[in-house]
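Each chain is listed here by its residues.
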Amino acid sequence: MTHNATVVLNSQSLLGEVCGVHDRNLMIIEELLGTRIVTRGNELLLESGDEETKRVLIRLVEELEAHVRRGETPVPDLIRAIHSAVINREEHKADLLRSSAIELSVSGKPVFPRSITQAEYIRAMERHDMVFGIGPAGTGKTYLAVAYALREVLGRQKRKLVLTRPVVEAGESLGFLPGDFTQKINPYLKPLFDAMEDLISGELVQKLESSNMLEVAPLAYMRGRSLNNCFVILDEAQNTTREQMKMFLTRIGENSQAVITGDVTQIDLPSRNKCGLLHAARVLRSIPEIRFTYFSAEDVQRNPLVQKIVTAYESETEQPAK
């Protein structure tokens, strides 16, 4: 059997990392390249393909090796993102994927981007005091914002992390909620706590709360405040009104940073025209200090079925009404 190209890795264990458990990553690479790849020792053997296919395989493996060396476990989404950058000869995007990470010294595990948009989002938070992350569910916009905020607060770059979101019920009336204020608001902020507890221990979350380094509040409680030296996350921003959004954005004080996340396909307001997120995206886009990052179905990091569901709904929305 004649092989058109051979890629030699430094070790067989590195080959195992690149190929993934049960060669799952290798199957993704074969699918992307449209040809079969055979492993032998620490070598990858390309069975067929033209010069461009060889180039793409070599660059793809080089990039994956670099990701493994920095402690990252390659996953299918990352492989597809690198492949996209390589076939389009967008080396700057491959560089961005390789160089972007959120280091959490407490947990000891960095948070790596799995798509080019996620890498651009991290870079935006590094360079801008106000960042909007807009896109469908499962794209990592809230998770990455929480990770970055924790890095800033735990590293003492900011004195407090403030989490807020509008208290709007998603199409159903929940009625009276029992308990004190914290117990009433916690169900609405559970996604933010889920992200935190995936990144750091529950004990550390409690410690941050008890030391007033973590504050959770509904958006209505932001009025009249000035948030200095804080990292503020406004989640579910698609459910803010224009007035609420303006109120929130003008709370940001000295040495503070804000990340606003939302999914404009899931607006629960009575009228879409009142959406503060859509309005802000229109009126603030010319301000250079504010960065807008737009995610798409391709950035969905949950079960692959979720990506197909998001795409199906997007396609249905684009169809003319009958």
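For clarity, every value in this text was computed on a predicted model and none was experimentally measured.

*Asks:* Would you mind going over the overall build of the protein chain with me for this structure?
*Replies:* Across its full length, the protein chain carries 12 helices and nine strands. Expressed as a percentage of the 322 residues in the protein chain, the buried residues total 48%. Pairs at least 24 residues apart make up 71% of the contacts formed inside the protein chain by residues separated by at least 6 positions. Summed over its atoms, the accessible surface of the protein chain is roughly 16500 Å², and 49% of this surface lies on carbon and sulfur atoms.

*Asks:* Even after reading the chapter, I still don't get helix 4 (residues 76–87), so can you show me in this structure?
*Replies:* In an α-helix, one full turn covers 3.6 residues, which means residues spaced three or four apart are oriented alike. The end-to-end C-alpha separation of helix 4 is 16 Å, in line with the 16 Å expected for 12 residues at 1.5 Å each. By the burial criterion, the buried members of helix 4 are Asp77, Leu78, Ile79, Ala81, Ile82, His83, Ala85 and Val86. For helix 4, the secondary structure elements touched by its buried residues are helix 2 (24–33), helix 3 (51–69), helix 5 (91–99) and helix 6 (116–127). In the segment just after helix 4, Arg89 is the residue with positive phi, at about 55°.

*Asks:* Before we go on, may I ask you to explain the packing of helix 2 against helix 4 in this structure?
*Replies:* Each pair of packed helices can be summarised by the angle the axes make with each other and by the distance between the axes. For the pair helix 2 and helix 4, the least separation of the axes is 10 Å and the interaxial angle reads 30°. Regarding the angle of helix 2 to helix 4, the classification is roughly parallel. In this structure, helix 2 meets helix 4 at a crossing whose hand is right-handed. Between helix 2 and helix 4, the contacting residues are Asn25, Ile28, Ile29, Leu32 and Leu33 on the first element and Pro76, Ile79, Arg80 and His83 on the second. Residue composition of the contact of helix 2 with helix 4, by class: six nonpolar, two polar and one charged.

*Asks:* What should I look at first to understand the sheet that holds strand 8 (residues 257–262) in this one?
*Replies:* Pairing between the strands of a sheet is mediated by backbone hydrogen bonds and can be parallel or antiparallel. What the six strands build is an open sheet, ordered 6-5-7-8-4-9; its pairing is parallel. In this open sheet, the two strands that pair with only one neighbour each are strand 6 (214–218) and strand 9 (290–294). Going from strand to strand, the sheet's axes swing by 15° on average, the running direction of each strand aside. Bridge analysis of strand 5 (residues 160–165) against strand 6 gives five bridges, and the strand direction is parallel. Each residue of the ladder has a partner; that of Leu163, found in strand 6, is Val216. Packing against the sheet, helix 7 (residues 141–154) makes contact with strand 4 (130–134), strand 5, strand 7 (230–234) and strand 8, and its axis sits at approximately 170° to strand 7.

Procedures and definitions
- Residues numbered from 1 in each chain as written.
- Predicted model: local features only at pLDDT ≥ 70, side-chain atom pairs only at ≥ 80, totals over all residues.
- Heavy atoms only, no water.
- Helix = DSSP H or I, 4+ residues; strand = E, 2+ residues; numbered from the N terminus.
- Buried < 20%, exposed > 50% of the residue type's maximum accessible area, 1.4 Å probe, protein only.
- Contact = heavy atoms within 4.5 Å.
- Areas by Shrake-Rupley, 256 points an atom, 1.4 Å probe, with all protein chains shown as cover.
- Expected span 1.5 Å × (residues − 1).
- Axes fitted to C-alpha atoms, helices over the stretch in contact; angles between N-to-C directions.
- Parallel < 35°, antiparallel > 145°, perpendicular 65-115°, else oblique.
- Left-handed = near helix turned anticlockwise from the far one by under 90°.
- Nonpolar A, V, L, I, M, F, W, Y, C, P; charged D, E, K, R; others polar.
- Pairing = 2+ DSSP bridges.

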